Amino acid sequence: MAIDGRELRNAMGLFATGVTIITTKDATEKPFGLTANAFSSLSLNPPMLLICVDKGVDCYNCFEESKVFAVNFLSQAQEELSTRFATKGIEKFAGLSYSLGELGVALLDGALAHFECTVAHAYEGGDHTIYVGEIQRLVTAPGDPLLFYQGKYRSLAPQ
Ligand SMILES: Cc1cc2nc3c(=O)[nH]c(=O)nc-3n(C[C@H](O)[C@H](O)[C@H](O)COP(=O)(O)O)c2cc1C
């Protein structure tokens, strides 16, 4: 049975997620990044996570070139950053507040968590590639998450 793309998108949108910005770098250390919610925790021992990256993104070659990336969990206050890193053809790092982690990738100020990873495995996933990252270092901070559901940004209801 053929699955309609719009219908598939809408159905996947019924799964509520957090929002991450994946940062990486090319062979010349230039920073790159993209907004992503196709993220999962994976393994405790060894510590691993996975991300799914569209083969058409500008930073696609970075994962092969540098073999490192970081996952930044966005806070509720970072919706503008999510939009920025999901926009093609702009200078995403201009005026951005970030530091470089031990692997040389950007760790965004104000994120709820940073996971610095080395690429352990890459798997075919249709029009995406699934990267398994071995977590080398993590840092967390207090705050509320940015959420994504049915194509819109959301926040947790007040407790
Ligand atoms: C909420 C949200 C989640 C996204 N999740 C992913 C994802 O998991 N993987 C992916 O490759 N692109 C994802 N995208 C799309 C990319 O962020 C977008 O295509 C981005 O512009 C790619 O970077 P580039 O402009 O440098 O090519 C998502 C976009 C949004 C708004």
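Refer to the preceding data block for the structure.
Residues numbered from 1 in each chain as written. Predicted model: local features only at pLDDT ≥ 70, side-chain atom pairs only at ≥ 80, totals over all residues.

(A) Layout of the site of the ligand. Taken together, 17 residues lie around the ligand, and Ala36, Ala38, Asp54, Asp58 and Ala86 are the ones closest in. When residues of the shell around the ligand are traced back to their parent elements, those giving at least two are strand 3 (31–36) and strand 5 (48–54). Along the lines of polarity and charge, the residues of the shell around the ligand split into eleven nonpolar, three polar and three charged. (Near = placed C-beta within 6 Å. Helix = DSSP H or I, 4+ residues; strand = E, 2+ residues; numbered from the N terminus. Nonpolar A, V, L, I, M, F, W, Y, C, P; charged D, E, K, R; others polar.)

(B) Representation of the sheet that holds strand 6 (residues 68–73) in the model. Reading across from one edge, 3-2-6-9-10-5-4 is the order of the seven strands in this open sheet, with antiparallel pairing throughout. The outermost strands of the open sheet, each flanked by one partner alone, are strand 3 and strand 4 (39–43). Looking at each pair of strands side by side, their axes are set apart by 35 degrees on average, direction ignored. Pairing analysis gives six bridges linking strand 2 (residues 20–25) to strand 3, with the strands arranged antiparallel. Across the sheet, Thr24 pairs through a bridge with Phe32, a residue of strand 3. (Pairing = 2+ DSSP bridges. Axes fitted to C-alpha atoms, helices over the stretch in contact; angles between N-to-C directions.)

(C) Molecular detail of unusual backbone geometry. A cis amide bond, omega 5 degrees, links Asn45 with the succeeding residue Pro46. With respect to the secondary-structure elements, Pro46 resides in the loop between strand 4 and strand 5. A positive phi angle, close to 60 degrees, is found at Lys67, a residue other than glycine. Within the secondary structure, Lys67 is located in the loop between helix 2 (62–66) and strand 6. Owing to 16 C-beta atoms within 10 Å, Lys67 belongs among the partly exposed residues under this scheme. In the Ramachandran plot, Gln150 falls in the positive-phi region, its phi being about 50 degrees despite a non-glycine side chain. Structurally, the position occupied by Gln150 is in the loop between strand 11 (147–149) and strand 12 (152–154). (Buried ≥ 20, exposed ≤ 12 C-beta atoms within 10 Å, placed from the backbone.)

Treat this as a map of the structure, not an account of what it does.
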